[in-house]
Amino acid sequence: MEKILGLVDSQKFQDAIEELTDLLESELPSPKLETIEVLNRILSQSTKRQDLQIAILRLAKYENSERYCNLIMNLARLYIDLGQLSTAKQELERLRNIDNKYIKCILQGFDRMFNQKKEDLQKEDQWEQFQLLEKEEKDLDYFSQDGLCSYLIPADWFQKWRLYVKNEDPLVLDDPIMGLNVTKLRQLLNLNEDSINEETEVIPGPIDSSRLLQIKWNLLPDPTQSKQYLNYVLRNDLREGVDFVHVSGKVFKFFQKIYGAIVVKRLIVKQEEQERAIVDLIPRVVEIMILENQLEESSLSVNGFEQVQELTRKIRVIKGIGNEIRWWKFKDLQSQMDWMSMIQKGTFIKSIKGKELDFKIKIDDLNLTTQDILICEIKQGKSWQLTAEMNAVQQKEQNVSELYAKFGISNVPKVLSDSRRGMTGLQNLGNTCFMNAALQCLSNTYEFTEYMVYNHFAQHLNPNNVLGTKGFLAASYAELMKSMWFANYSSVSAIDLKKVIGKFAPQFYGYGQQDSHEFLSYLLDGLHEDLNRILNKPIVTDIEITNESDQQASEKFWINYTLRNQSKIQELMVGQYKSTLVCPICSRISKTFDPFMSLSLPIPSFQSFPSSLYFIHDDSENIPAKISLQLSTDMTGLDILKQLENLLNVSHKRMNMLLIKEHQIQERVTYDKGAKWINEHNGILFVQEVESNIQNLIQNQINIDFYYVARGTKVYEIDKILSFPRQVVMNRNQNSQQLYGLIYQKFRIHLTLAVKELTTKEFPLKDEFLSLPRPKNLEESIQEFSILIQNQLQPFILRSKDKIFGQSNKEIQFSDNIIFDISGSNLSIEVIISDYLAKSFQILKLQRCKEFTTNDTKSQQVKKGEYDLDDCLRAFTKEEILGKGDEWYCNKCKKHVQASKKMEIYKAPQILIIHLKRFKTNRISNLGNFYFSNGTSKITSMVQFPLELNLNNFVLSKQAGDNQNYIYDLYGVDNHYGGLGGGHYTAYAYNSVLNKWIDYNDSNTRTTSNNVVSEAAYLLFYRRRDSQKCQMFK
């Protein structure tokens, strides 16, 4: 099963389905629930195969477990989507005997949804009333009102309703499993041939918000009416706008009375330290151990801003008791594990290494991780059972220490003999793996960590910077780094840092899964502003580039930036883009040079396709080559020529690429032409080896295209081109005799073959000619051609195809001795073959060639859907045309235009952070004030990235004389595993103190090899090789 889960995480669904089908066949008639669960996980990504999903889910055998309940609820939801509500009810009846309070709570929600009396309202009236309610909501500024509730509706339902009331056709969305072959699986389940259900009916059913929930098996539901909304625990992987939308109370009740609904709502809260109200989406689920007559493991759902006394109220209400209650928190995780271990062995320990909690302390201030368990001690009789192992003095010292660490800056810690030196895990506080992975990579950026842990940063704190966090972010980050590098804990909590971030960036306030790159971007920007040495930022004017060089323009923009921004982050991690926009109407060019802290690279989506070409050697004695290549749609003409250069050991600067049809040149393929463009244009691809290709001709050179032509034998016959054009390069100061000599060098091999077929009567010098050595140079070729003329055996005569000397189709005699000083750099010549060679015309055609097949590893990589970092860099720097809605205002044309845009790297920083853009959001839709995505996908393609990165070819400042060597070493990888929104983040980082690669997975750390390249890589951290060596602990 581990192998199958790996295939699913990598989105190799066909392989996973085949493995699962075999596994299911071996397990029938009683398959394991896990097998059913994974099959459903794949098939649920599409709404096109519900019959197959239903057949699989119906195989689930009853058991009193969370997994079984999930499967049956998924089955019921399928029937709800199909409008078969009575069947959905029947399936849910299978859960009535489950002995679990949380399941019973969800079933009550289903019962209310099914049993609600519904109103009948025409869809036109629905739309009109919705608009009125929406306006009322907007006027009230509903979602800024502290204490009101936001109601959560599945985005799929909301989208379906919108299409229904507006009479729109269903959207066609990406379906990652549309192409799956499930024939064997269907046969196994005795289903008919595979069919794809087309969604024709868009009438929405009841609002089944249960699909937004996770099953929390040990949760104790609160019967208190005002707190029942906390009984539903949201899934960790939900994404706002993608999985659900927020609506106001009136809007929800309007929907509910028409369709029925399971009510899932959350409180809108505005705390003192927050500038704006937020929806507290994910309340804290507190794991507890109830100590009454016996121990009972449970969990409670509370808002983080509530106090410990709320936990007490809940326990009393749920258990129906009035006893006194005390709450205990262990000193650390190790103390908790030791105590729990003794309990599991049957030994009750009365003393506890921890402290009794104050009823007035907020839940969020307890700094709970997902591993923490609180002890709920219910007093029995007159005495308590537990006592604190810590005395009052120790507890006070601990409280003072926590407070000091939270708001102050501690002294530089002493180095302990068992200091972890960076091999310290970060505890998961509730979906905070995105934060932990980014922090571990940044922690191993020793240049910045040294600056923080040795308190060098303190002198640069800028508490008055309105763009920062008043210094709190920098201080809490420094304390975290000290605990990770100097302390001896196997794992520590980043709760203080998270609190500061949540206070100043509300998007990170709760405990939902977030994007690691977005978090890192905020963190770096916040640290930069907290440590910005510019205390009073001057106002700077916009820069308008006129005739400045790129180097001068870059310097102007950089000076402007550093007038307002100077910090350790800026020194280490800020590079500079060059952005070029060109107006398609007036050709005005606009350049800007903007700073960046991370380089966001697109992952290419190019495809590979087979292609073949003919390579004609400069030396006509060499047999032409037919070469089969595997090209990709992102390749250019230059890329193809460089591939040939590696194959044939011929410089690409000596190659001209042509598209030829019916012996005529259709297109001259320049370096910048794309392989896709080449493939779409008519013609056979030829590459000719010449002295210098068209792109590299020097001023006194001309490219000559020459065509072998046979004269018409009758008056009404036109001359006929016999074969594809050949090419030579001549100097402008060369005369007609030298042109004859150059072409004769190419023609001589054909003449030799023809002469062998001729009689001595037809070619009197046959024996002498065939015994002659091949001319060694141009002078000998001219001399041999002259002898043939003298013996009335001139093999061809030249005729201009282009206009020269005022006329076209002008015959050029060998004896003319004219100079071809034409205005352009290209001249077309016809080579009129003499009549005595008429029966040998076939020899001039391409009859024989040597077959070449490349075994290019890059092409094979593309075929497998893999790319490398250079592909991403090229995709980033590729010129693009701005789309509609994203036009640029040209101040010369005075209008918005779809300009061409090109992004490039002008300056690269010492620490280079690369963001691989794996998450792609499809078109955003809106309905009034409600914005939601029509789907998001994750690009799981493998991107091969090097341990040693040579960026010299991509940094433009190198062209302006920059002597910096941009060679980088990889030292960190932030990985994302799994699907969208949820999934899991881990990190690999090179610890420069221990000189080892470390695998960081939340609290767990272990040493690993440097084999850190995988398709999960999301953020890459590179250090320029000339960086100063790590000085920590020295």
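Source: prediction; values computed, not measured.

**A word on the overall build of the protein chain**
Here is step 1 of the chain: Across its full length, the protein chain carries 28 helices and 46 strands.
Here is step 2 of the chain: Within the protein chain, the fraction of its 1034 residues that count as buried is 52%.
Here is step 3 of the chain: In the protein chain, which carries 125 positive and 130 negative side-chain charges, the distance between the mean positions of the two groups comes to 1 Å.

**So, the sheet that holds strand β6 (residues 295-302)**
Backbone hydrogen bonds are what pair the strands of a sheet, in a parallel or an antiparallel way.
Here is step 1 of the chain: Taken in spatial order, the five strands make up an open sheet running β6-β5-β10-β7-β9, and their pairing is mixed. Either end of the sheet is taken by a strand with one partner, and the two such strands are β6 and β9 (354-356). Each strand axis lies, on average, 30 degrees off the axis of its neighbour in the sheet, ignoring direction.
Here is step 2 of the chain: Relative to β6, strand β5 (residues 284-291) is paired through eight bridges, and the arrangement is antiparallel. Directly across from L291, in β6, lies its bridge partner L295.
Here is step 3 of the chain: Along the sheet, helix α12 (residues 308-319) makes contact with β5, β6, β7 (325-330) and β10 (374-378), crossing β6 at roughly 120 degrees.

**Observations regarding helix α26 (residues 778-790)**
Here is step 1 of the chain: With 13 residues, α26 should cover 18 Å at 1.5 Å per step; its first-to-last C-alpha distance of 19 Å lies within 8% of that length.
Here is step 2 of the chain: Within the sequence span of α26, burial applies to L778, S781, I782, E784, F785 and L788. The buried residues of α26 occupy an angular sector of 165 degrees when the element is viewed end-on, so they sit on one face. Exposed residues pointing more than 90 degrees away from the buried face of α26 are listed as E779, Q783 and Q790.
Here is step 3 of the chain: In this structure, the buried side of α26 is in contact with α24 (736-757), α25 (766-771) and β26 (796-800).
Here is step 4 of the chain: Capping the start of α26 is the job of one residue whose side-chain oxygen sits 3.3 Å from the backbone nitrogen of E779: N777.

**A look at the pairing of strand β35 (residues 911-917)**
Here is step 1 of the chain: Judged by how many residues are buried, β35 sits mostly within the fold: six of seven residues are covered.
Here is step 2 of the chain: Of the strand pairs in this sheet, strand β17 (residues 599-602) and β35 are connected by four bridges, and their pairing is parallel. What sits directly across from P602, in β35, is K917.

**With respect to the sheet that holds strand β4 (residues 278-279)**
Here is step 1 of the chain: With antiparallel pairing, four strands are arranged side by side in an open sheet as β2-β1-β3-β4. Strands at the two margins of the open sheet, each flanked by one partner only, are β2 (244-247) and β4.
Here is step 2 of the chain: Two strands pair when backbone bridges link them, and strand β1 (residues 149-154) and β2 are joined in this way by four bridges, in the antiparallel orientation. Counted as the bridge partner of Y151 is V247 from β2.

**A closer look at the packing of aromatic side chains**
Describing an aromatic ring pair means giving the distance of the ring centres and the angle of the ring planes.
Here is step 1 of the chain: What the rule picks out here adds up to 44 aromatic pairs.
Here is step 2 of the chain: With a centroid separation of 6.1 Å and an interplanar angle of 80 degrees, the aromatic rings of Y454 and F486 are classed as edge-to-face. Remark: F486 occurs in the loop between α17 (472-485) and β13 (491-492) and Y454 occurs in the loop between α16 (446-453) and α17; sequence separation between them is 32 residues.
Here is step 3 of the chain: Aromatic pair F686 and F724: ring centres 4.8 Å apart, planes at 35 degrees, arrangement tilted. Of this pair, F686 sits in strand β22 (residues 684-689) while F724 sits in the loop between β24 (720-721) and β25 (726-731); the two residues are 38 residues apart in sequence, bridging distant segments of the chain.
Here is step 4 of the chain: A relative accessible area of 6% means that F686 is categorised as buried.
Here is step 5 of the chain: Since its relative accessible area comes to 6%, F724 is described here as buried.
Here is step 6 of the chain: Through a chain of ring-to-ring contacts, three or more aromatic side chains come together here, namely W127, F130, W157, F158, W161, F254, F255 and Y259.

**Overview of the confidence of the model for the protein chain**
Here is step 1 of the chain: Per-residue confidence for the protein chain gives a mean pLDDT of 86; residues scoring 70 or more make up 92%.
Here is step 2 of the chain: Long-range and interchain partners of residues 400-407, a stretch whose pLDDT sits below 50, account for nine contacts in this model, where long-range means more than four residues apart.

**A closer look at the packing of helix α3 (residues 33-43) against helix α5 (residues 66-81)**
Here is step 1 of the chain: Put simply, α3 and α5 touch, their axes get as near as 10 Å, and they point 40 degrees apart. With respect to α5, the element α3 is oriented oblique. As for the relative orientation of α3 and α5, their crossing is left-handed in sense. Along its contact with α3, which presents L33, E34, I36, E37 and N40, the element α5 presents R67, Y68, L71 and N74.
Here is step 2 of the chain: Its residues assigned to classes, the contact of α3 with α5 shows four nonpolar, two polar and three charged.

**What about the environment of L685?**
Here is step 1 of the chain: Within the secondary structure, L685 sits in strand β22.
Here is step 2 of the chain: In this structure L685 comes out as buried when scored by relative accessible area, which is 6%.
Here is step 3 of the chain: For the pair L685 and S612, spaced 73 residues apart in sequence, the C-alpha separation works out to 7.3 Å.

**Re the environment of G147**
Here is step 1 of the chain: With respect to the helices, strands and loops of the structure, G147 is situated in the loop between α8 (123-140) and β1.
Here is step 2 of the chain: On the basis of relative accessible area, G147 is assigned to the partly exposed category, the value being 45%.
Here is step 3 of the chain: Along the backbone, G147 and L267 are 120 residues apart, and their C-alpha atoms lie at a distance of 6.2 Å.

**Focus on the nonpolar core**
Here is step 1 of the chain: Ranked by internal contacts, the top residues of the largest apolar core, which has 63 residues, are L439 and Y477.
Here is step 2 of the chain: Beyond its immediate stretch of four places on either side in the chain, Y477 contacts L439, L442, S443, F448, M452, L497, L523 and L527.
Here is step 3 of the chain: Core analysis: the second largest hydrophobic core is formed by 59 residues, L107, L212, V233 and I262 among them.

**Section: the pattern of salt bridges**
Here is step 1 of the chain: Counted by the stated rule, this structure contains 50 salt bridges.
Here is step 2 of the chain: In this structure, D51 and R186 form a salt bridge, with 2.6 Å as the shortest nitrogen-oxygen distance. With D51 in helix α4 (residues 50-57) and R186 in helix α10 (residues 183-188), this residue pair connects regions lying 135 residues apart in the sequence.
Here is step 3 of the chain: Classification of D51 by relative accessible area gives partly exposed; the value is 28%.
Here is step 4 of the chain: For R186, a relative accessible area of 2% puts it in the buried group.
Here is step 5 of the chain: When salt bridges with common partners are traced through the structure, they connect D222, K227, E306, E310, R313 and K314 into a single cluster.

**Comments concerning the environment of I207**
Here is step 1 of the chain: Within the secondary structure, I207 sits in the loop between α10 and β2.
Here is step 2 of the chain: Remark: the alpha-carbon pair of I207 and S723, spanning 516 residues in sequence, is separated by 72 Å.
Here is step 3 of the chain: When neighbours within four sequence positions are excluded, I207 is seen to be in contact with M113, I153, P154, W157, F255, G260, A261 and I262.

**Some thoughts on unusual backbone geometry**
Here is step 1 of the chain: The amide bond that connects L28 to the next residue, P29, takes the cis arrangement and shows omega of 10 degrees.
Here is step 2 of the chain: As for its placement among the helices and strands, P29 is situated in the loop between α2 (13-27) and α3.
Here is step 3 of the chain: We note that D141 has phi near 55 degrees; this positive angle belongs to a residue other than glycine.
Here is step 4 of the chain: Structurally, the position occupied by D141 is in the loop between α8 and β1.
Here is step 5 of the chain: We note that N190 has phi near 60 degrees; this positive angle belongs to a residue other than glycine.
Here is step 6 of the chain: Residue placement: N190 occurs in the loop between α10 and β2.

Calculation criteria
Residues numbered from 1 in each chain as written. Predicted model: local features only at pLDDT ≥ 70, side-chain atom pairs only at ≥ 80, totals over all residues. Heavy atoms only, no water. Helix = DSSP H or I, 4+ residues; strand = E, 2+ residues; numbered from the N terminus. Buried < 20%, exposed > 50% of the residue type's maximum accessible area, 1.4 Å probe, protein only. Lys, Arg positive; Asp, Glu negative; His and termini not counted. Charge placed at Lys NZ, Arg CZ, Asp CG, Glu CD. Pairing = 2+ DSSP bridges. Axes fitted to C-alpha atoms, helices over the stretch in contact; angles between N-to-C directions. Contact = heavy atoms within 4.5 Å. Expected span 1.5 Å × (residues − 1). Arc of directions from axis to C-beta. Polar contact = N/O pair within 3.5 Å; in protein donor to acceptor, adjacent residues only side chain to side chain. Phe/Tyr/Trp six-rings, centres within 6.5 Å; stacked < 30°, edge-to-face > 60°. pLDDT = per-residue confidence, 0-100. Parallel < 35°, antiparallel > 145°, perpendicular 65-115°, else oblique. Left-handed = near helix turned anticlockwise from the far one by under 90°. Nonpolar A, V, L, I, M, F, W, Y, C, P; charged D, E, K, R; others polar. Core = buried A, V, L, I, M, F, W, Y, C linked by side-chain atoms within 4.5 Å. Salt bridge = Lys/Arg side-chain N within 4 Å of Asp/Glu carboxyl O.

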